[in-house]
Every structure is written in structure tokens, then in C-alpha cells.
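Secondary and tertiary structure notes
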Amino acid sequence: METRNSQKMRVWICCKMKVKKISTTFFTGIIIMSLLFLAVGFHSKYQAQTNFDQWLHNRLGFGPHPSQSSKVHRVQRNRSTKQHSPRSCQPKTNVMFLKTHKTASSTVLNLLYRFGEKHNLTFALPSKYLLDYPKFFRSRSVKGFPLQDGRHYNIMCNHMRFNRSEVQKVMPADTFYFSILRNPVTMAESSYSYFKFLAPSFNRSASFEDFITDPWKYYVPNLRYNHLARNLLWFDFGFDHNANFSLQSAQVGVAEIQQSFHLILLAEYFDQSMVLLRDALCWSLDDIVTFRLNFRSNETQWRLSPAQEDRLKQWNAMDWYLYQSFNKTFWQQVESFGKSRMDQEVASLQARREELANLCLLKGGKPADASQILDEVVQPYQSGQADILGYNLNLNLSLPDKERCLRMIMPEHQHKDLLDSKQFPSTEAVKKQTVANGDSRLQEKVQEAIKVTMSSKNRTSPTRSLLETPGTSYLISTDVS
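Attention here is on the structure that accompanies the text.

Let's shift gears to the nonpolar core. By size, the foremost hydrophobic cluster in this structure holds 112 residues, and its most contacted members are Leu112, Met156 and Phe178. In this structure Met156 touches Val95, Met96, Phe97, Ala124, Leu131, Phe137, Val142, Val167, Val170 and Met171, once residues within four positions along its chain are discounted.

This is the structure in C-alpha cells:
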């Protein structure tokens, strides 16, 4: 009996121990599963934050890199927004832009003017409107050069014929160099319309079609301002625009440009160009948002046949080779940047432009004929046969918005005079202007020149009259259209 009870007791103890072991194992399993659920939840939350940061970085161009911690994300996002920097890098402030003709360069000039003024940078301004153009640039043509007290110039962006050694005397060693090109075929048509009364070759021909048919009938090499009629891009970069085309000389020229310039943009792909420029300079989205400036109405644009296009390519053979070369490198840079990323940033740029147009401009940004522009401060300069359009500001803007919007539509001559008056406040040639309250006005000579050229009755030769006025620099401003 005792033996049987002992056996029962051992069985009971054994079973109890097994149940206890199973319970312990089950409880441990529950703990492990709970920890796994917590880990998955934390990872999902982290991944969601990372995905949001990635979207923010790609879509808006600022914000943290997704590989960093969420705590650092918040700090960097706030800091980035505060500094208006597209990413965690230092914005470049020493910039040289070779302003070419009829290439959307006036629009690029506007964003450089705005950035420099916003950050109180020093411009290498011409005494009038051009840096020795059409002569080769010389450092002495920069107003106030050399600067005193160890200061240096930050931005150089007015028309010049590029002369690298002289530019380097003015700009710091770490300067970022860039320029912009346009298809020489459409550029030639635009140049004819804009420089009709300035280039002798254009002025002697009855029409653009007449000129295209036989350019040599009207063209005289080395005649003053005839460079506007042939290989104008090649000329602006400092090369001989009258040289007969040879592959070797064209390749040498392209190699020199590649050695001197960090980035070459394309007018036909302006928004993609702005994205690449923003990435290279580490600027904010608003820094590179622009409205199209110094462009023609459609009524003054000439449609070309394929045969006419081929003749223009042959006539501007050096420019055509230049454009083809940098068209190739441009798309290589887009490929390196990332096509998907490029599409996203172009969409952001266009959305922001539309947003600012609705804020700033009457009729949602619809261009206006110069005669319909209410404020003479933003009346665009007229030249040749082209009807240059502009904008009217929305009414009832706040003072900060009005100041900002006014600068975005201000033509380059007026804008240059404004910067001149701020950088050289003691100069009597330019009266002090107050843009913020809308009362800014230009010096009397520039006002009078604008009024003269605004009149369609004076279109027979408005530019030449300015050229021949003693002490007045001719006012060539250029953009794409």
C-alpha cells in the first residue's frame, strides 16, 4: 500500500513538473512574441518616418537624408527650412554667369540679381550695362574694381565677351562658372527679330527669309555688330565667329569651355537646367523660381522650313557643333542626377512657379504688351521688330509680397540700376530707389530711353539712336523667344 502511494506521489510530482515546465515555456514564448510585436511596430513607425523624409527630400528638395535617425531628421529639417537650403550643404555665393544672347539669359540674370541682393552680396557691375561688350572683357570695366579692405566680388553676370584671364582677376578662386546655350537655328531667328536694326547684315536684308536664302549677300566680316548675325554663341565665349569650320578647331573650343565652366545649361530645357543649377549651387527652390522675362509675342516669330533650318546650321556651323556637344553632356548630367528625381523636382519647380504667378501677377501671369503695363518700372525694353512682353502686378499685395514680386518681374536694366544704387549709394548717376513701397523710379536718362523705345513709331532704329548717344552704352538684353 505504501509502495503504491509512493508511486502515485512520484507520478503526481513528475506531471506537476512537466506542467510547470510547459507553463514556463509558454510564458517565455508570450514574452518573446510581445517583444517581436514591439520591434515590428517600432520598425514600421521608423520606416514610415523614413519614407516621409524620402518623399520630402525628393519632392520639396529639402529635409533630412533618410539614412539618419528620426531625431536628427527633425533637427535638420527645421534647420534646412530656416536656411532655405535644398540639402545639408553650403550654398555657393561666388558665381560667374556668362550671359549669352537670345538664350533665356535675362531670366537667369534675374534669379542671380535676386539671390545676390537677398544675401547682401557684391556684384561685379558694369559702369553702364555691358562689361566692355563686344570687346573682350577687361577687369577695369568693372565698376569700383579693385575693391578695398580685402573684400571681393561675389557675382558677375552681365553681358561680356569671355576673357578667362581677366575674369579671374576679378572673381575669387572658388567661383562657380556657368552659362547657357540655345539651338542656333531658333536663336538666329530670334536674333534677327531683336537685332534687326543693329546688325548691318540684318538691316540690309528685306526679311529673315531673304537673309537665310543668301547670307553672304548681306554679310561683311568684321563689320561692327555683324557678330550678332553669325556664330553668336562662339563669339560670346571668346572665339573667332568668322573662322571657317573645322572639326579640330571646334573640338579645341569645346574643350576650353569645358575647362573653364562647371555647368552649361540649355534654354530649350530651362526647368531641367534650373534643377541642375540648384543642385550645383545648393540653393533653395525659391532661389531658382523665375518668371519668363524679355520674350516676344508669337506674332513676331517666324516659322522655319526644314531647308531653312539646314542652311542656318551651315551658316552657324561653329555654334551648331557647340550646341550639339553640350546637348550631349547635358543629358549625361540629367542621367547622373536621376531621371525620376529630375521629374519630381521639375514638377515641384513648376508648381511653385504657378503658385507665385497666382500670387504676384494679374490674370494668373498672362503676359501683357508693353503698352498695357501700368508701371514704367517694369516696362520691358523694346528692340528691333520684336514686341517684348512683360507683366502687371496684382493689386493689394502686402508690402513684403510686393517687394518680392516686383523683383521677379523687373527687367534687367531697371534691376541693374537698382543694384547699382544700393552698391554705390554715393553715386549721383543713379537716384536712390525705394522698391518696397512701390515708389522706386529709375534715373532720368534710363527712363527717357525706355519711353523712347516704347513708342512703336520709333521702331525704325531705336537701338541705334541709343548707341550713338554720347556717354550711353547700348542696351542689349537678351532672352529666348
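The structure having been displayed, the exposition proceeds.
Bringing the side chain of His241 into the picture now. Take His241: it is sitting in the loop between α8 (232-236) and α9 (247-260). A polar contact is formed between the side chain of His241 and the side chain of Asn242, at a distance of 3.4 Å. Other than its neighbours up to four places away in sequence, His241 contacts Tyr219, His227, Arg230, Asn231, Trp234 and Phe235.

Summed over the entire model, instances satisfying the criterion amount to 24 aromatic pairs. Pairing Tyr113 with Phe123 gives two aromatic rings, centres 5.7 Å apart and planes at 80°, and the pair type is edge-to-face. A residue pair is termed long-range when its members are at least 10 positions apart, and Tyr113 in helix α3 (residues 105-118) and Phe123 in the loop between α3 and β2 (155-156) qualify at 10 residues. Of the two residues, Tyr113 and Phe123, both sit in the buried class. A network of ring pairs unites the aromatic residues Tyr192, Phe202, Phe208, Phe211, Trp216, Tyr219 and Trp315 as a single cluster. Across from the ring centre of Tyr129, 5.2 Å away, lies the NZ or CZ of Lys416, which sits over that ring.

For any two helices packed against each other, one specifies the crossing angle of their axes together with the interaxial distance. Interaxial distance between helix α13 (residues 317-337) and helix α14 (residues 339-360) falls to 6 Å at its minimum, and their mutual angle equals 95°. As judged from the angle between their axes, α13 and α14 are roughly perpendicular. Within the contact between the two elements, α13 uses Val334, Glu335 and Phe337 and α14 uses Lys339, Arg341, Met342 and Glu345. Here the contact of α13 with α14 is composed, by residue class, of three nonpolar, no polar and four charged.

Turning next to the side chain of Asp236. You can see Asp236 is positioned in helix α8. No salt bridge is formed by the buried Asp236. Its closest oppositely charged neighbour is Arg161, at 6.5 Å. A polar contact of 2.8 Å, which involves the side chain of Asp236, links it to the side chain of His101. If sequence neighbours within four positions are ignored, Asp236 has contacts with Leu98, Thr100, His101, Tyr133, Met160, Arg161 and Phe162.

Sheet faces and side chains relate simply in a regular strand, where the side chains alternate between the two faces. Of all six residues in strand β3 (residues 176-181), six are buried; the element is thus mostly enclosed. On β3, burial covers both faces: Phe176, Phe178 and Ile180 on one face and Tyr177, Ser179 and Leu181 on the other are all buried. As defined by bridge partners, strand β1 (residues 95-98) adjoins β3 across four bridges and the pair is classed as parallel. Residue Val95 lies in a different strand from β3, and its bridge partner there is Phe176. For β3 and strand β4 (residues 263-266), the ladder comprises four bridges, and the chain directions are parallel. Counterpart to Leu181 in the pairing with β4 is Leu266.

Attention now moves to a nonpolar patch on the surface. On the surface, Leu362, Leu374 and Leu395 cluster together to form a nonpolar patch covering roughly 330 Å² of accessible area. Within the fold, Leu362 resides in the loop between α14 and α15 (399-409). A relative accessible area of 30% means that Leu362 is categorised as partly exposed.

What follows deals with the sheet that holds β3. One open sheet accounts for four strands, arranged β2-β1-β3-β4; its pairing is parallel. Two strands in the sheet have a free side with no partner beyond their single neighbour: β2 and β4. Contacts between α3 and the sheet are confined to β1, β2 and β3, with β1 contributing the most and set at about 160° to the helix. The strands touched by helix α10 (residues 270-281) are β1, β3 and β4; relative to β4, the strand with the most contacts, the crossing angle is about 160°.

When charged atoms on two side chains of opposite charge get close, those side chains can pair. Tallied over the full model, the rule gives 17 salt bridges. Across the salt bridge formed by Lys143 and Asp420, the nearest N and O atoms sit 2.8 Å from each other. Here Lys143 is found in the loop between α3 and β2, whereas its partner Asp420 is found in helix α16 (residues 412-423), with 277 residues between them in sequence. Comparing Lys143 with Asp420 shows no difference in burial state: the two are buried. In this structure, the salt-bridge partner of Asp420 is Lys416, at a minimum N-O distance of 3.1 Å. Residue Asp420 and its partner Lys416 are both found in helix α16; the two are separated by four residues, about one turn of the helix. Accessibility assignment for this pair places Asp420 and Lys416 in one class, buried. When salt bridges with common partners are traced through the structure, they connect Glu117, Glu403, Arg407 and Lys422 into a single cluster.

What counts, and where the lines are drawn
- Here, residues in each chain are numbered from 1, in the same order as that chain's written sequence.
- Predicted model: local features are reported for residues with pLDDT of at least 70 only, side-chain atom pairs are reported and counted for 80 or more only, and whole-chain, interface and lining totals are derived from all residues.
- Only heavy atoms go into the side-chain values, all of them from the structure, while hydrogens and water stay out.
- What makes a nonpolar core is a set of buried Ala, Val, Leu, Ile, Met, Phe, Trp, Tyr and Cys residues whose side-chain atoms join them at distances within 4.5 Å.
- Classification of residues uses two cut-offs on accessible area relative to the type maximum, computed with a 1.4 Å probe and protein chains only: under 20% is buried, over 50% is exposed, and between them is partly exposed.
- Whether two residues are in contact is decided by their heavy atoms: any pair within 4.5 Å suffices.
- Helix and strand assignments follow DSSP, with helices taken as H or I runs no shorter than four residues and strands as E runs no shorter than two, numbered in order from the N terminus.
- Two N or O atoms form a polar contact when they lie within 3.5 Å of each other; inside protein one atom must be a possible hydrogen donor and the other a possible acceptor, and for residues adjacent in sequence the pair counts only when both atoms belong to side chains.
- Stacked, tilted and edge-to-face are the three classes applied to pairs of Phe, Tyr and Trp rings, where Trp contributes its six-membered ring and a pair requires centres within 6.5 Å; stacked means planes under 30 degrees apart, edge-to-face means over 60, and tilted covers the rest.
- Either the NZ atom of lysine or the CZ atom of arginine qualifies as a charge over a ring when it sits within 6 Å of the ring centre and within 35 degrees of the ring normal.
- The angle between two axes is taken between their N-to-C directions and runs from 0 to 180 degrees, where each axis is a line fitted to C-alpha atoms and a helix contributes only its stretch in contact.
- Each angle gets one of four labels, with under 35 degrees taken as roughly parallel, over 145 as roughly antiparallel, 65 to 115 as roughly perpendicular, and the rest as oblique.
- Following the grouping adopted for this structure description, the nonpolar residues are Ala, Val, Leu, Ile, Met, Phe, Trp, Tyr, Cys and Pro, the charged ones are Asp, Glu, Lys and Arg, and the polar ones are all others, Gly among them.
- Here Asp and Glu are counted as negative and Lys and Arg as positive; His is not counted, and neither are the chain ends.
- Salt bridges, as used here, are contacts in which a Lys or Arg side-chain nitrogen is within 4 Å of a carboxyl oxygen on Asp or Glu.
- Any two strands with at least two DSSP-identified bridges between them are counted as paired.
- Like charges within 9 Å and nonpolar side chains (Val, Leu, Ile, Met, Phe, Trp, Tyr) within 5 Å are joined into patches, using only residues over 30% in relative accessible area that form no salt bridge.
- Using the Shrake-Rupley algorithm and a 1.4 Å probe, accessible areas are obtained, with residue cover drawn only from the displayed protein chains.

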